Amino acid sequence: MSYNDASYLLLGSPVEQSLSPLIHNTAFRCLGLPSRYAAQEIAKSQVATSIKHIDGEHIFGANVTIPYKQAVLPYLDGISPVAKRVGAVNTIYFANGRKMGHNTDVEGFLKPLSALGLQPKHVVILGSGGAARAVMVAAEEGLKASRISVVSRNLLSARAACHDLQIGEAWDFSSLDQLIPDASLIVNATPVGMWPKIDTSPIPDSITFLPSQTIYDLVYNPEETRLLQAARVQGARTLGGLSMLIAQAAASFKIWTGLEMPVDAVEMALKTHLDLT
Ligand code: NAP
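Predicted, not measured: the structure shown is a model, and the values here were computed from it. (Residues numbered from 1 in each chain as written. Predicted model: local features only at pLDDT ≥ 70, side-chain atom pairs only at ≥ 80, totals over all residues. Heavy atoms only, no water.)

Draft legend 1. Quick peek at the site of the ligand. In the region of the ligand, 19 residues are neighbours, and Ser128, Ala131, Arg153, Leu218 and Gly241 sit closest. Separating an oxygen atom of the ligand from a backbone N or O atom of Ser128 is a distance of 2.8 Å. Interatomic distance of 2.9 Å between a backbone N/O atom of Leu218 and a nitrogen atom of the ligand. Summarising the interface, the protein chains cover 72% of the accessible area of the ligand, which totals 920 Å² for the free molecule. Assessed atom by atom at 2 Å from the grid points, the ligand resides in the largest pocket. Of all elements in the fold, only α5 (130-142) and α9 (242-257) reach the threshold of two or more residues within the shell around the ligand. When its residues are assigned to classes, the shell around the ligand shows ten nonpolar, eight polar and one charged. (Near = heavy atom within 4 Å. Polar contact = N/O pair within 3.5 Å; in protein donor to acceptor, adjacent residues only side chain to side chain. Areas by Shrake-Rupley, 256 points an atom, 1.4 Å probe, with all protein chains shown as cover. 1 Å grid on protein atoms, 1.4 Å probe; cavity = no way out; pocket = protein on both sides within 12 Å on 5 of 7 lines; lining within 4 Å. Sits in = over half its atoms within 2 Å of the grid points. Helix = DSSP H or I, 4+ residues; strand = E, 2+ residues; numbered from the N terminus. Nonpolar A, V, L, I, M, F, W, Y, C, P; charged D, E, K, R; others polar.)

Dropping the structure here:
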């Protein structure tokens, strides 16, 4: 579908592999809504104009993806406390005529965990990019973790994330064998293990997991990554990224429409599309 006919947009680059159009258009169709969602590839120089086009009359809202989650901030009338805390916007919507920015990754990350009733003391986060920053805020504010360790292949980037958010301690991957045994929740917020490189894991096989630990991989394709498979075999609790993908989209959908996303239909559509059934 052309983005000229859409009422909601995804702005980013690249966007052609995004699952957001499938998710939102499935939801609109299931609920009999006339709205349509389209991905629009934009260059950095088009950010200001693209945000201006979200006018509340033809285009009612948007998602923002890499690399513009921070670049959109100056063009909005306001941002939610969560988006401010993370320093990134992934959802644009209107409230009382004002164009607002929010970040649904924090809520999307927490939703699948809330069903498990976890109260992790030490959260180890692998990666220090956009998703990791949302997880850091979720770990501190949502999970009230007393210790948060941010592990990156680039120590400087982990330090920058901890410094920017004033959350956690920075480590590099050589510290994993000390950190993992003490962790209650381990989150993979790197793309390692993602299709097509499915035979890779961010945690070496020499490090084992405990049944008391939960391993949460934000990668959603494959549904069970090599990391999750190893954790499951060793008796740890596992969570894949598909539930977060749906939960963060459902939070945007609720903000835009006031309606609950039909998550079962969306999950079925995603699994069929990704060949996960
Ligand atoms: P990002 O901003 O590009 O950050 C990626 C992070 O992973 C960076 O810290 C990067 O380190 C690190 N990394 C990349 N390749 C690595 C490797 N081979 N070994 C070790 N570390 C590596 O990406 P993002 O938006 O945070 O997304 C990260 C992952 O989460 C992606 O797989 C994405 O699909 C997934 N995700 C899932 C959901 C969901 O709803 N399930 C939501 C958001 C993201 P450097 O800084 O050194 O490059």
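That was the structure; now back to the text.
Draft legend 2. Molecular detail of the layout of surface pockets. Its volume calculated, the largest pocket comes out at about 1,600 Å³. As for the largest pocket, its lining consists of 42 residues, of which Thr65, Ile66, Pro191, Met194 and Tyr220 are closest to the centre. Those elements that place two or more of their residues in the lining of the largest pocket are β3 (61-64), α5 and α9. Element by element, the count of residues in the lining of the largest pocket is highest for α9, at three residues. In terms of residue class, the lining of the largest pocket is built from 20 nonpolar, 19 polar and three charged. Shared between two domains, the lining of the largest pocket holds at least three residues of each, these being domain 1 (8-103 + 246-273) and domain 2 (107-239). (Points joined across faces, edges and corners; volume = space filled by probe spheres on them. Domains from an automatic or database assignment.)

Draft legend 3. Inspection of the pattern of salt bridges at higher detail. Going through the model one piece at a time under the given rule, you end up with twelve salt bridges. Between Arg147 and Asp182 there is a salt bridge, and its shortest N-O distance comes to 3.0 Å. Note that Arg147 is positioned in strand β8 (residues 147-152) and Asp182 in the loop between α7 (176-179) and β10 (185-188), a separation of 35 residues in sequence. Residue Arg147 is classed as partly exposed on the basis of its relative accessible area, which comes to 26%. Assessed through its relative accessible area of 43%, Asp182 is described here as partly exposed. Close ionic contact of Arg226 with Asp199 constitutes a salt bridge, the shortest N to O distance being 3.6 Å. Taken together, the residues span a long stretch of sequence, with Arg226 in helix α8 (residues 226-233) and Asp199 in the loop between β10 and β11 (214-217) at a distance of 27 residues. Residue class for Arg226 comes out partly exposed when judged on its relative accessible area of 27%. Judged by its relative accessible area of 60%, Asp199 falls in the exposed class. Through salt bridges with shared partners, a single ionic network connects Arg85, Glu140 and Glu141. (Salt bridge = Lys/Arg side-chain N within 4 Å of Asp/Glu carboxyl O. Buried < 20%, exposed > 50% of the residue type's maximum accessible area, 1.4 Å probe, protein only.)

Draft legend 4. Geometry of the packing of aromatic side chains. Scanning the entire structure with this criterion turns up six aromatic pairs. For the pair Phe28 and Phe253, a centre-to-centre distance of 5.2 Å together with 40 degrees between the ring planes defines the contact as tilted. With Phe28 in helix α1 (residues 20-30) and Phe253 in helix α9, this pair connects stretches of sequence that are 225 residues apart. For Phe28, a relative accessible area of 0% translates into the label buried. Looking at Phe253, the relative accessible area reads 0%, which means it is buried. Within the aromatic cluster, the residues linked to one another by ring pairs are Tyr8, Phe28, Tyr37, Phe60, Phe253 and Trp256. (Phe/Tyr/Trp six-rings, centres within 6.5 Å; stacked < 30°, edge-to-face > 60°.)

Draft legend 5. Just the sheet that holds strand β6 (residues 98-102), in detail. Strand order in the open sheet formed by six strands is β2-β1-β3-β5-β6-β4, with mixed pairing between adjacent strands. Edge positions in the open sheet fall to β2 (37-41) and β4 (78-79), since each of these has one partner strand only. Direction of pairing for β3 relative to strand β5 (residues 91-95): antiparallel, over a ladder of two bridges. When the sheet's bridge partners are listed, Asn63 is paired in β5 with Thr91. (Pairing = 2+ DSSP bridges.)

Draft legend 6. Up close: the sheet that holds strand β7 (residues 122-126). Taken together, the six strands give an open sheet; going across it, the order is β9-β8-β7-β10-β11-β12, and neighbouring strands pair in parallel fashion. Each having just a single partner strand, β9 (169-172) and β12 (237-239) make up the two edges of the open sheet. On average, adjacent strands in this sheet sit at an angle of 20 degrees to one another, irrespective of strand direction. Bridging between β10 and β11 involves four bridges; their strand directions are parallel. Paired with Asn188 across the strands is Asp217, a residue of β11. (Axes fitted to C-alpha atoms, helices over the stretch in contact; angles between N-to-C directions.)

Honestly, it's all geometry; don't read function into it.
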